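# Remarks on the overall topology
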Amino acid sequence: MAIAVSTAGYWHIASLDEALAQLAACGIEAVEFFPYPPHLDPASFGSYERSRVKRMMRDLGLRCASVNFTMELNLMALHAGLHRLAMAEFKRAMEIGADLGAPCLVLPFGRRHSLMPAPADTTLDYLCAEVSALADHGQRVGIKVALETLPFDLLSTGKAVLDIVERIGHPNLGICYDCTNTLGFEDPAAGVAAVRDRLLLVHISDSWRDRWAHTSIGRGDIDFPAFAAALDAIGYDGDLVYELMDGEDPTPRLRGDLAKLKQAGFRS
């Protein structure tokens, strides 16, 4: 396993170039990109900018472990215009990821309206059709799609996401298991074991059972030794993306946090 770090923790703290340089200086070898302002706007992040960032990563000894997107795009919304927007942005994110050498796009699926939720079967029908189309597009451009566990109804556990992935049955589709996103709904060690055959990527950070967060190791309730043991038990050897996104500067904490992860049993 290699421990990668998300650049999103630097959004309002440092530029993308500064963030990459700081991560490399901390000994990080892989990063997860969010194609999202203020670091980069997908609409203006063309071939020149992609080449420039790729050269910078090469010079810094970095590689792209994954690309991710925000949860503002909603594949569960029963609104054709919103779906067209989401599909266009996700496809553009996949193309950026493929150009940067990312093996997968992390796909946050959205959520049902909390006040007047649509019927579950209707919502999931919409979701499955769109995710299947995105998996097709990813196959064309050379990047896999990893449907992410999120702390919302319908798909808040590993098994729930697995059921959707198996229902779609696309060879270019898998799962990104985020232990902080499932903590309030299941034991992450058991949840990640349930998705072992479809697991493409793992997100780690700390959180509380009663308050969602992506914060430093040891601050919350995640049992990291148990989670590391579960990954060992299923033979997972892919990337672990440390998503340290809590509004504080990641750099002063990174070396200490990574040391704690290694003490907990995460081997790189």
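That block above? That's the structure.
Residues numbered from 1 in each chain as written. Predicted model: local features only at pLDDT ≥ 70, side-chain atom pairs only at ≥ 80, totals over all residues. Heavy atoms only, no water.

Further remarks concern the overall build of the protein. The number of helices and strands found in the protein is nine helices and 10 strands. Radius of gyration (C-alpha) of the protein: 17 Å, near the 18 Å computed for a compact globule of 268 residues. Seen through its principal axes, the protein has C-alpha atoms that stretch 50 × 45 × 35 Å. Within the protein, the proportion of its 268 residues that are buried is 56%. In the protein, the share of contacts with a sequence separation of at least 24, taken over all contacts with a separation of at least 6, comes to 78%. For the protein, the exposed surface amounts to about 11,100 Å²; the carbon and sulfur share of it is 51%. In the protein, the 25 positive side-chain charges and the 35 negative ones have mean positions that sit 4 Å from each other. (Helix = DSSP H or I, 4+ residues; strand = E, 2+ residues; numbered from the N terminus. Rg over C-alpha atoms; globule rule 2.2 N^0.38 Å. Buried < 20%, exposed > 50% of the residue type's maximum accessible area, 1.4 Å probe, protein only. Contact = heavy atoms within 4.5 Å. Areas by Shrake-Rupley, 256 points an atom, 1.4 Å probe, with all protein chains shown as cover. Lys, Arg positive; Asp, Glu negative; His and termini not counted. Charge placed at Lys NZ, Arg CZ, Asp CG, Glu CD.)

Structurally, the position occupied by Asp257 is in helix α9 (residues 251-263). For Asp257, which is buried and forms no salt bridge, the nearest opposite charge comes from Lys260, at a distance of 4.5 Å. (Salt bridge = Lys/Arg side-chain N within 4 Å of Asp/Glu carboxyl O.)

A separate point is the nonpolar core. In this structure, Phe33 and Leu231 are the most contacted members of the largest nonpolar core, which totals 91 residues. Non-local contacts of Phe33, meaning those with residues more than four positions away in its chain, are made with Thr7, Leu16, Leu20, Leu40, Val53, Met57, Cys64, Ser66, Val67, Asn68 and Leu100. (Core = buried A, V, L, I, M, F, W, Y, C linked by side-chain atoms within 4.5 Å.)

Quick look at the pattern of salt bridges now. One pass over the full model with this rule turns up 13 salt bridges. The partner of Glu49 in a salt bridge is Arg52, with the nearest N and O atoms 3.3 Å apart. With Glu49 and Arg52 both in helix α2 (residues 47-60), this residue pair falls three residues apart, about one helical turn. Measuring nitrogen to oxygen at the nearest pair gives 2.8 Å for the salt bridge that ties Arg92 to Glu89. Separated by three residues within a single helix, Arg92 and Glu89 lie in helix α3 (residues 80-100), roughly one turn from each other. Here Arg92 falls in the partly exposed class, since its relative accessible area comes to 27%.

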